[in-house]
Amino acid sequence: MSQYSNQTNLPLPIAVWLAHDTYDREAAGLSATTLMRPTRQVILAKRVPAGEGIIDISGMIKSRIGTAIHDAIEGAWLSDKLDTTLTSLGLSDKIVKRLLVNPTEIPEGKPVIPVYLEKRSSREVLGVKITGKFDFIADGRVHDFKTTSTFAYTSSNKDEDYILQGSIYRWLNPDIITDDMMSIIFIFNDWNKNRYLSDRDNYPPSQITSRDFLLLPEAAVQKFVEHKVNELIACENLDESELPLCTDKELWRKEDTFKYYKNPAAVGRSTKNFDSYREAYQRFIDDGSVGRIDTVKGTVQACHYCPAFNLCSQKDALLEAGELKI
């Protein structure tokens, strides 16, 4: 059971909501989302002594808002007023009657549109139960709801994760996920209309926007799952120092910055910062090759959210190197 603190003294009505954990951990087994986490984190998180991994509820706000939105969408589709809602949206009676929500079987010879919500499925690999609970499936396509910032959309830094997660869901549910494409439905918590009007080519057009992705072949997913399970089994009893280090991608490392100083003896503020060494070097050449270029390693972000933070020596090394800021 998770333990929570309330260091910011949030009001009790909200505190109870933030501390209310509805995640079905026992049923989850080794979940799709756990498979996608760094091996180091997965192993060390299980070693955190009881009572030490206390979470402040202020850090749960984004997660609970996302869960609340998921629950509200599910509730709308399971409502006894669903037909009325669909009709109000302009769907014909013919289409409404074809929709079947969470059917246990599909009637033969009858044209239907099956819809599935929040179903947890499982599959065994190397003696380990792998599970996953998708958000929504309609007519064979899996849809995933992401309550996030617009940066996730404009940077595409999470696209590979979205594709892998959706592909694992299809691997778990090949009978009901039959479409090779998946849809991510973004619900942005920081959307700004003026930003869109000034950058229509890159910024999302509305606060809720969808984007489609091609799923991975099932053979590739099988290979990924088997490799990850094998790695977790092999690392289960290793000392912390022997566990594989998190990669830059897993650490959410920012890009390096290249600081150019026209005066090679200068300290403090640089003449100009560049995102690539080539640009900085070109400026160095243009200024007569007398300056200097300092590489500032990009800082990492993921450690701030890691449940095994206190047990990890990699975190300590990053702090010492100045690549992790607390």
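As a starting point, this report considers the structure included with it. As the structure is a prediction and not an experimental result, all values here were calculated from the model.

1. A few points about the overall build of the protein
Broken down by element type, the protein carries 13 helices and 14 strands. Projected onto its principal axes, the C-alpha positions of the protein cover 80 × 50 × 50 Å. The 326 residues of the protein split such that 35% are buried. Partitioning the intrachain contacts of the protein with sequence separation of at least 6 by distance along the chain shows that 67% fall at a separation of at least 24. As presented, the protein carries roughly 19,600 Å² of accessible surface, and 52% of it is formed by carbon and sulfur atoms.

2. Notes on the pairing of strand β5 (residues 113-117)
Judged by how many residues are buried, β5 sits mostly within the fold: 5 of 5 residues are covered. Burial of the side chains of β5 extends over both faces: Ile-113, Val-115 and Leu-117 are buried on one face and Pro-114 and Tyr-116 on the other. Pairing of β5 with strand β8 (residues 136-138) involves 3 bridges; the strand directions are antiparallel. Bridge pairing in β8 links Leu-117 to Phe-136.

3. Quick notes on the side chain of Asp-159
Relative to the helices and strands, Asp-159 resides in helix α9 (residues 159-172). Despite its burial, Asp-159 remains without a salt bridge, the nearest opposite charge being carried by Arg-211 at 4.3 Å. A polar atom in the side chain of Asp-159 sits 3.2 Å from the side chain of Ser-156. The residues contacting Asp-159, other than those within four sequence positions of it, are Arg-211 and Phe-213.

4. A short note on the sheet that holds strand β6 (residues 120-125)
Spatially, β2-β7-β6 is the arrangement adopted by the 3 strands of the open sheet, whose pairing is mixed. What marks the edges here is a single partner per strand, and that holds for β2 (30-31) and β6. In this sheet, strand β7 (residues 128-133) lies alongside β2 in parallel orientation, the contact comprising 2 bridges. The residue bridging Ser-31 from the neighbouring strand is Thr-131, located in β7. Across the sheet, α9 touches β6 and β7, and the angle it forms with β7 is around 115°. Those strands touched by helix α11 (residues 218-235) are β2, β6 and β7, and its axis lies near 70° from that of β6.

5. Side note on the packing of helix α1 (residues 12-19) against helix α5 (residues 61-78)
Between α1 and α5, whose axes approach to 9 Å, the crossing angle comes to 75°. Classified by the interaxial angle, the pair formed by α1 and α5 is roughly perpendicular. Residues Trp-17, Leu-18 and Ala-19 of α1 pack against Ile-61, Arg-64 and Ile-65 of α5. Its residues assigned to classes, the contact of α1 with α5 comprises 5 nonpolar, no polar and 1 charged.

6. Considering the pattern of salt bridges
Evaluation of the coordinates by the stated rule reveals 13 salt bridges. Between Glu-323 and Arg-253 there is a salt bridge; the shortest N-O distance is 3.0 Å. Of this pair, Glu-323 sits in the segment after α13 (313-320) while Arg-253 sits in the loop between α11 and β12 (257-261), and the two are 70 residues apart along the sequence. For the pair Glu-323 and Arg-253, a shared accessibility class is recorded, and that class is buried. Salt bridges here are not isolated pairs; linked through shared partners, they connect Arg-141, Asp-179 and Asp-212.

Analysis parameters
Here, residues in each chain are numbered from 1, in the same order as that chain's written sequence. Owing to the predicted nature of the model, reporting of local features is limited to residues with pLDDT of at least 70; listing and counting of side-chain atom pairs is limited to 80 or more, with chain, interface and lining totals taken over all residues. Side-chain metrics in this entry use all non-hydrogen atoms of the structure; hydrogen atoms and water are not considered. Under the scheme used here, helices are H or I runs from DSSP no shorter than 4 residues and strands are E runs no shorter than 2 residues, and both carry numbers assigned from the N terminus. Relative accessibility under 20% of the residue-type maximum defines a buried residue, over 50% an exposed one, and the middle range a partly exposed one, all with a 1.4 Å probe and only protein chains included. Here a residue-residue contact requires only that any non-hydrogen atoms of the pair lie within 4.5 Å. Residue exposure ignores everything except the shown protein chains as possible cover, and the areas themselves are Shrake-Rupley values with a 1.4 Å probe. At least two bridges found by DSSP between two strands are what make those strands a pair. Think of it this way: Lys and Arg go in the positive column, Asp and Glu in the negative one, and His and the chain ends go nowhere. Salt bridges are defined by distance alone: a side-chain nitrogen of Lys or Arg within 4 Å of a carboxyl oxygen of Asp or Glu. For the purposes of these results, a polar contact is taken to be a pair of N or O atoms within 3.5 Å, where, inside protein, one atom must be able to donate a hydrogen and its partner to accept one; residues adjacent in sequence count only when each atom of the pair is a side-chain atom. Lines fitted to the C-alpha atoms define the axes, with helices restricted to the stretch that makes contact. Angles between their N-to-C directions range from 0 to 180 degrees. Comment on the angle field: the value is read as roughly parallel under 35 degrees, roughly antiparallel over 145, roughly perpendicular from 65 to 115, and oblique elsewhere. The residue classification treats Ala, Val, Leu, Ile, Met, Phe, Trp, Tyr, Cys and Pro as nonpolar and Asp, Glu, Lys and Arg as charged. All others, Gly included, are polar.

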